[in-house]
Amino acid sequence: MSEDALNAVERSMVRLRRGMSRQRLGRAAIREHNLPVDVQVLHVVDIVDEGPDRPGQEVSVGLVATRLGVDASRGSRIVAEAVKSGYVRRVASQEDGRRIHLELTDAGRTVVEATRRTRQEHFANAMRTWTDAERAEFARLLDRFVDGYDG
């Protein structure tokens, strides 16, 4: 890859990260859909919806903490708030009854759907002048980039 192209990608990814942070889109979803949820709880709901990293893995408090980039005790407190708010429930593992995994409640799924609509509306607006072929090519290349990026 040429240095100019690499520099352009790096600058664009920094702008994207800044402009599309979960906080910004999360707050937009909360505002646009009048969701009675805290942004931190929204992060937990998103992570539980995203599911495990690999087959056979379950979504645990530890996985939530890792994805949020917080320590286990902070992750546990945020998950507890999501449970208390009624968006996530703790369920005994099918693999090992001593372990607990997390799953969305119906209220949690409603929040996920509203949040997705907000994100998709923002993305559609950013690509409003693109052709269908350009959108499809961008989706293909972005998926390929994300698959190759191990951050």
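Here we summarise the structure given alongside this text. (Residues numbered from 1 in each chain as written. Predicted model: local features only at pLDDT ≥ 70, side-chain atom pairs only at ≥ 80, totals over all residues. Heavy atoms only, no water.)

With that settled, consider the overall build of the protein. Check the secondary structure of the protein and you find 7 helices and 2 strands. Its C-alpha atoms give the protein principal-axis dimensions of about 50 × 35 × 25 Å. Looking at the protein residue by residue over its 151 residues, the buried ones come to 28%. Restricting to contacts in the protein with at least 6 residues of sequence separation, those with at least 24 account for 45%. (Helix = DSSP H or I, 4+ residues; strand = E, 2+ residues; numbered from the N terminus. Buried < 20%, exposed > 50% of the residue type's maximum accessible area, 1.4 Å probe, protein only. Contact = heavy atoms within 4.5 Å.)

Time to look at the packing of helix H3 (residues 39-50) against helix H5 (residues 72-84). Direction vectors running N to C along H3 and H5 enclose 90°, while the axes themselves pass 9 Å from each other. The angle between H3 and H5 falls in the class roughly perpendicular. Mapping the contact onto sequence places Gln 40, Val 41 and Val 44 in H3 and Arg 74, Ile 78, Val 79, Glu 81 and Ala 82 in H5. (Axes fitted to C-alpha atoms, helices over the stretch in contact; angles between N-to-C directions. Parallel < 35°, antiparallel > 145°, perpendicular 65-115°, else oblique.)

Another aspect to go through is the side chain of Thr 118. Summarising the element assignment, Thr 118 is placed in helix H6 (residues 106-126). Take Thr 118: its relative accessible area is 0%, and that puts it in the buried class. There is a polar contact of 3.4 Å between the side chain of Thr 118 and the side chain of Glu 32. Contacts of Thr 118, omitting those with residues within four sequence positions, involve Leu 25, Ala 28, Ala 29, Glu 32 and His 33. (Polar contact = N/O pair within 3.5 Å; in protein donor to acceptor, adjacent residues only side chain to side chain.)

Here the focus is the packing of H3 against H6. Where H3 contacts H6, the axes come no closer than 10 Å and their chain directions differ by 95°. One element, H3, and the other, H6, form an angle in the roughly perpendicular class. Judged by residue contacts, Leu 42, Val 45, Asp 46 and Asp 49 of H3 engage Gly 108, Val 111, Val 112, Thr 115, Arg 116 and Arg 119 from H6.

In the structure shown here, the tally under the stated rule is 2 aromatic pairs. For the pair Phe 145 and Tyr 149, a centre-to-centre distance of 5.8 Å together with 10° between the ring planes defines the contact as stacked. (Phe/Tyr/Trp six-rings, centres within 6.5 Å; stacked < 30°, edge-to-face > 60°.)

Across its 12 residues, H3 extends 16 Å between first and last C-alpha, which sits within 8% of the 16 Å expected from 1.5 Å per residue. Most of H3 sits out of view: 9 of its 12 residues are buried. With a side-chain oxygen positioned 2.8 Å from the backbone nitrogen of Gln 40, the residue opening H3 is Asp 38. Directly after H3, the chain includes Gly 51, whose backbone phi takes a positive value near 85°. (Expected span 1.5 Å × (residues − 1).)

Grouped together as the largest cluster of nonpolar side chains are 24 residues, with contacts concentrated most on Val 44, Val 45 and Val 88. When residues of this core are traced back to their parent elements, those giving at least two are helix H2 (22-32), H3, helix H4 (61-68), H5, strand S2 (100-104) and H6. The contact partners of Val 45, leaving out residues within four places of it in the chain, are Tyr 87, Val 88, Leu 104, Gly 108, Val 111 and Val 112. (Core = buried A, V, L, I, M, F, W, Y, C linked by side-chain atoms within 4.5 Å.)

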